[in-house]
Amino acid sequence: MSENLTRAWPSNAERLSQQGAVAERIGDLLDRLQHTPVAPQSDAESIRESLREFDFDDPADTVLVAEKVVEVMQGGMVHMMHPGYFGLFNPTVVFPGIIADIITASLNPQLAVWSHAAVPVEIERRVIQELGAFFGPEFDTGHFTTGGSEANNTAVLLALTKANSQFAEEGAKAFKGLPCLYVSAESHLAWHKIAHQSGIGRAAVRLIETDGIGRMDVVHLARRIEEDRNAGNTPVFIAATAGTTNAGMIDPLIECADIADQFNMWFHVDAAWGGAIRIIPEHSAVMSGIERADSITLDAHKWLAVPMGAGILLCKDNDLLGETFRVTASYMPEGLAALDPYTHTMQWSRRFIGLKLFLSLATLGWDGYRHLLRKSLTHSTRLAVLLSENGWSVVNDSPLAVLCFEDSDRALDLEKVVASVMADGRTWISSVKFEGRRVLRACITSHHTEEDNLIDLISALEAARVEQG
Ligand SMILES: *Cc1c(COP(=O)(O)O)cnc(C)c1O
């Protein structure tokens, strides 16, 4: 018993040796990764069987257990660190971000209140403000979240609180009719959960038609808002997507901002993945109008490649954050009310999420990130050329690094193409719906992707075509 407990807090020398051993095992895996399938096939029963080897009534050595876990994981997950992963924005995590998570886990600061974690709170504030400046001078507040969904949810709560001073006490019934939320039909579907969680109900989500090329149709948007007003509902919130998840399309931000102004509504921009493009001067104009948003969602755990979960909400109104998340609890240390994260965010106990981005920025620099993002864009352009040279048609026109495509004859079963590419193992793509029709999707997600991996994808696609005769 006591021998097992020495594993809880080993000596410094022991810690070092254990961390070294586990790091070596992970390093081996990463070194070999590109020669193994991106998505090894596994079934629930065999996974459960292998997990039975871990016996909580007969605990084992930390390094042994950790090495075993890494081995089991290797055969049972999609590998984001694989250069052939043309996937769903999941990051090729940068090493400084991993070091940051080790520091965070090791010292485990509590960021609920400033006075408990002064330096961590100030580190996050510094990153938020520097990032905010890329979106407009007024974005001087905000905070880290677990992900884009929490940031979007936070924005909805801000909008509802601002729109009706009784919302905090009475909830949705404070509003005349339904308090409505407007997003495009191509937006991230978490909006339905968010409406549910916010208490306005899923029926309050208005999915606005798109314009045929994947962007919110602003004529429909304005018409729907009018209809809701005439029907006795209260239009509250417009969320434009800047970089749709399936196709990287950017809603017309300026028109959406104008409509929000006209109807006195909150204007949010969900730029979870695509927003990172703002750090590149020659590309930042693709999101012109974003500076007019009341709030913006970003995900550092997507294009900026820090470990999950690291979302960000940018905002212009710190007092409103305080109004929305205010609490008084006698057992909490009295503090600098305007700076305490637990009175300005959804979370209470708070992990030091922001260190991942701070450490990565302090080591790679904004320029390092610019280099990575430009490389993704170059590969995307190159892949578009390769696809069209090989009988595939790109159907989206995104300024970001994601391509939706289909066989030029539209004769293939695209689900079977995905299955075939998956079985080939060298690369990973998905299929999505774009403007109502099934298409293939390849996003330059991995920062390790090189020309060879593009060629691998083209050859796997060709093999899939041949298979279908
Ligand atoms: C990824 C994404 C989200 C959800 O973010 P999570 O970090 O997965 O919670 C929301 N909106 C868009 C546009 C996204 O790309």
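It should be emphasised that the depicted structure is a prediction, and the values quoted were computed from it without experimental measurement.

Draft legend 1. Structural context of the packing of aromatic side chains. One pass over the full model with this rule turns up eight aromatic pairs. Relative to W366, the ring of F134 has its centre 4.7 Å away and its plane inclined at 70 degrees; by these criteria the two rings are edge-to-face. Within this pair, whereas F134 is found in the loop between helix 6 (118-132) and strand 1 (141-145), its partner W366 is found in helix 13 (residues 355-389), the two being separated by 232 residues in sequence. An aromatic cluster is built from F89, W273 and W303, whose rings are joined through pairwise contacts. Its end group placed over the ring of F89, R441 keeps NZ or CZ at 4.9 Å from the ring centre. The side chain of R465 reaches across the aromatic face of W392, ending 4.5 Å from its centre.

Draft legend 2. Spatial organisation of the site of the ligand. Taken together, 14 residues lie near the ligand, and G148, S149, D270, D299 and K302 sit nearest. Between the ligand and S149, the relevant distance is 2.8 Å, taken from an oxygen atom to a main-chain nitrogen or oxygen of the residue. Contacts to the ligand include D299, whose side-chain N or O atom sits 2.7 Å from an oxygen atom. Ranked by the residues each element gives to the shell around the ligand, the list is headed by helix 7 (residues 148-163), at three residues.

Draft legend 3. Representation of a nonpolar patch on the surface in the model. Side chains of F95, I98, I99, I102, I103 and L107 sit close together on the surface and give an oily, nonpolar patch of about 540 Å² of accessible area. As for its placement among the helices and strands, F95 is situated in helix 5 (residues 95-107). Judged by its relative accessible area of 57%, F95 is exposed.

Draft legend 4. Examining the sheet that holds strand 11 (residues 437-443) more closely. Spatial strand order, 8-9-11-10: four strands in an open sheet with antiparallel pairing. If you trace the sheet from one side to the other, it starts and ends with strand 8 (392-394) and strand 10 (430-434), each paired once. Taking each pair of neighbouring strands and ignoring which way they run, the sheet shows an average axis angle of 45 degrees. Relative to strand 11, strand 10 is paired through five bridges, and the arrangement is antiparallel. By the bridge assignment for strand 11, V432 is matched with V439.

Draft legend 5. Summary view of the pairing of strand 6 (residues 295-299). With five of five residues buried, strand 6 lies mostly within the body of the structure. Alternating residues of strand 6 divide into S295, T297 and D299 and I296 and L298, and every residue in both groups is buried. As paired strands, strand 5 (residues 266-270) and strand 6 are joined by three bridges and run parallel to one another. Opposite D270, over in strand 6, you have T297 as the bridge partner. Pairing of strand 6 with strand 7 (residues 311-315) involves five bridges; the strand directions are antiparallel. Considered in strand 7, the bridge of D299 is made with G311.

Draft legend 6. Structural view of the side chain of R441. Among the secondary structure elements, R441 is positioned in strand 11. Here R441 is buried and forms no salt bridge, its nearest opposite-charge partner E186 lying at an N-O distance of 9.5 Å. One polar contact links the side chain of R441 to the main-chain carbonyl oxygen of G87, over a distance of 2.8 Å. A polar atom in the side chain of R441 sits 3.2 Å from the backbone oxygen of N246.

Draft legend 7. Quick look at the packing of helix 10 (residues 218-230) against helix 11 (residues 253-262). Where helix 10 meets helix 11, the axes come as close as 10 Å, and the angle between the chain directions of the two elements is 15 degrees. Between helix 10 and helix 11, the interaxial angle falls into the category roughly parallel. The handedness of the crossing between helix 10 and helix 11 is right-handed. Of helix 11, the residues touching helix 10 (which contributes V218, L221, A222 and I225) are E255, C256 and I259.

Draft legend 8. View of the nonpolar core. Core analysis: the largest hydrophobic core is formed by 81 residues, its most contacted members being I238, I296, L357, L383 and L461. Looking at this core, the element that brings in the most residues is helix 13, giving 10 residues. Apart from residues no more than four positions distant in its own chain, I296 is found in contact with F135, F139, H268, V269, A271, I290, I312, L313 and L314. Listed in part, the 27 residues of the second largest apolar core include V156, A159, W191 and F237.

Draft legend 9. Representation of the packing of helix 5 against helix 13 within the structure. Contact geometry for helix 5 and helix 13: axes closest at 8 Å, N-to-C directions at 135 degrees. Accordingly, the angle class assigned to the pair helix 5 and helix 13 is oblique. Of the two possible hands of crossing, helix 5 and helix 13 adopt the one that is right-handed. On the side of helix 5, the interface is formed by P96, G97, I99, A100, D101, I103 and T104, while helix 13 contributes L355, K356, L359, S360, T363 and L364.

Draft legend 10. The arrangement of the sheet that holds strand 4 (residues 234-241) in detail. Reading across the sheet, the seven strands line up as 1-7-6-5-4-2-3 and stay open at both edges, with mixed pairing between neighbours. Taken across any chain shown, the strands that pair with only one partner, and hence form the sheet edges, are strand 1 and strand 3 (205-208). Averaged over all adjacent pairs, the angle separating strand axes in this sheet is 20 degrees, with direction ignored. Where strand 2 (residues 179-184) meets strand 3, four bridges bridge the pair, whose relative direction is parallel. Bridge pairing in strand 3 places Y182 opposite R206. Contacts from helix 6 reach strand 1, strand 6 and strand 7 within the one sheet, and its direction differs from that of strand 1 by about 115 degrees.

Draft legend 11. Region of the structure containing the side chain of D270. Within the secondary structure layout, D270 lies in strand 5. The charged side chain of D270 is buried without a salt bridge, its nearest counter-charge being K302 at 6.6 Å. At a separation of 3.2 Å, a polar atom in the side chain of D270 contacts the side chain of N152. Residue contacts for D270: discarding those within four places in its chain leaves N152, H188, W191, A240, T241, A242 and T297.

Thresholds applied
Residues numbered from 1 in each chain as written. Predicted model: local features only at pLDDT ≥ 70, side-chain atom pairs only at ≥ 80, totals over all residues. Heavy atoms only, no water. Phe/Tyr/Trp six-rings, centres within 6.5 Å; stacked < 30°, edge-to-face > 60°. Helix = DSSP H or I, 4+ residues; strand = E, 2+ residues; numbered from the N terminus. Lys NZ or Arg CZ within 6 Å of the ring centre and 35° of its normal. Near = heavy atom within 4 Å. Polar contact = N/O pair within 3.5 Å; in protein donor to acceptor, adjacent residues only side chain to side chain. Patch = residues over 30% accessible without salt bridge, like charges linked within 9 Å, V, L, I, M, F, W, Y side chains within 5 Å. Areas by Shrake-Rupley, 256 points an atom, 1.4 Å probe, with all protein chains shown as cover. Salt bridge = Lys/Arg side-chain N within 4 Å of Asp/Glu carboxyl O. Buried < 20%, exposed > 50% of the residue type's maximum accessible area, 1.4 Å probe, protein only. Pairing = 2+ DSSP bridges. Axes fitted to C-alpha atoms, helices over the stretch in contact; angles between N-to-C directions. Lys, Arg positive; Asp, Glu negative; His and termini not counted. Parallel < 35°, antiparallel > 145°, perpendicular 65-115°, else oblique. Left-handed = near helix turned anticlockwise from the far one by under 90°. Contact = heavy atoms within 4.5 Å. Core = buried A, V, L, I, M, F, W, Y, C linked by side-chain atoms within 4.5 Å.

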